[in-house]
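Here is how the chains run, residue by residue.
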Amino acid sequence: MVSLVPKSPCADLLPLAIAETTVSEVVPEAITLVAPFKGKKKTVSDALKAEVGVGFPAPGRMTGKQDARCIWVGPEQALVIGPAVSPDGAAVTDQSDGFAVIQITGPMAANALARLTPIDLRRDHFKPGHTARTLLNHMTCSITRLGAASFEILVFRSMAKTAVHELTEALKLLEGRAKLS
Amino acid sequence: MRITCPYCGERDIREFTYRGHALAIARPAPDAGEAAWDDYLHLRDNPAGATQDLWHHGPCGAWVIVDRDTVTHEVAGSKAVAEVKR
């Protein structure tokens, strides 16, 4: 009998530390896509609050904290990252194995992302708790600001290696430029 | 060119895919007749000036109707297809 070993999406790739900035993987207990049926957003939000203590987020926002958070990912869709949930009144899909969750923290975090994404990451435009579906170079992703110099990036699991490569190259370039000046 | 996604706000053109004229969402009734269906499937205006397009915002998945000008490339406004009565 073959014994299979579970591996996280970035198991062989992270953590990294370049230019005092760290890139690390987060492996949550579960990732669940919650898509409320028409007119059921309030019911679903209340059910989520009862289950994990976070409500359904408005477009472009995250609710909750590190242990249980709900990230808006599209019209009438949000990902619950943390314990598995099953609220009534919504289409609920387990996507725990579908996403690579990468956090980038440090002085170069925003600058590295600015090289890869077309959105405005400045602090007064994109505050902690704000989230955006956008591009990380050529791949679609979800970027959420967790703190002043801390971001969470969600990409499809199959894109984990490419995402880490892009972030590594951006950080290396910034590190090299800092050495020159 | 920058387009405003009704959910995400103003975004760069590279996040969007062009999906043709917005009349694609005004599908005729199944029994509307050959002329109406021929018009719907094959005939398009080629305006110099104001037009309405469908764009798909890839990252969030929203379909967007964009009012824009083919001469000046000015984008006058946008709304979500989901919010439009059909």
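Residues numbered from 1 in each chain as written. Chains lettered and ligands numbered in written order. Predicted model: local features only at pLDDT ≥ 70, side-chain atom pairs only at ≥ 80, totals over all residues. Heavy atoms only, no water.

Chemist: Got a sec to walk through the domain arrangement of chain A? Specific residues and values, please.
Modeler: Many descriptions give the size of an interface as the accessible area lost when the pieces come together. Residue and element names in this part refer to chain A. By domain assignment, chain A separates into domain 1 (11-27 + 97-181) and domain 2 (29-95). With 16 residues of domain 1 at the contact, the number on the domain 2 side is 13 residues. Summed over both partners, the interface of domain 1 with domain 2 buries about 1,200 Å², with 57% contributed by carbon and sulfur atoms. Counting the surface domain 1 buries against domain 2, the share from its top three residues, F99, T131 and R133, is 37%. Applying the counting criterion to the domain 1 and domain 2 interface returns one salt bridge. Remark: the boundary between domain 1 and domain 2 carries six residue pairs in polar contact (both at pLDDT 80 or more). Secondary-structure elements contributing two or more residues to the side of domain 1 that touches domain 2 are strand 8 (99-105), strand 9 (131-136), strand 10 (139-147) and strand 11 (150-156). (Domains from an automatic or database assignment. Contact = heavy atoms within 4.5 Å. Buried area = accessible area lost by both parts, 1.4 Å probe. Salt bridge = Lys/Arg side-chain N within 4 Å of Asp/Glu carboxyl O. Polar contact = N/O pair within 3.5 Å; in protein donor to acceptor, adjacent residues only side chain to side chain. Helix = DSSP H or I, 4+ residues; strand = E, 2+ residues; numbered from the N terminus.)

Chemist: How would you sum up the sheet that holds strand 4 (residues 62-65) of chain A? Please name residues and give values.
Modeler: Residues and elements named next belong to chain A. Pairing within the open sheet is antiparallel, and its five strands lie in the order 4-5-6-3-7. Each edge of the open sheet is held by one strand with a lone partner, namely strand 4 and strand 7 (90-94). Each neighbouring strand pair of the sheet contributes to a mean axis angle of 20 degrees, computed without reference to strand direction. Taken together, the four bridges between strand 4 and strand 5 (residues 68-74) define a ladder with antiparallel strand orientation. Counted as the bridge partner of M62 is I71 from strand 5. Running at roughly 155 degrees to strand 3 (residues 30-36), helix 1 (residues 41-52) makes contact with strand 3, strand 5, strand 6 (77-82) and strand 7 of the sheet. (Pairing = 2+ DSSP bridges. Axes fitted to C-alpha atoms, helices over the stretch in contact; angles between N-to-C directions.)

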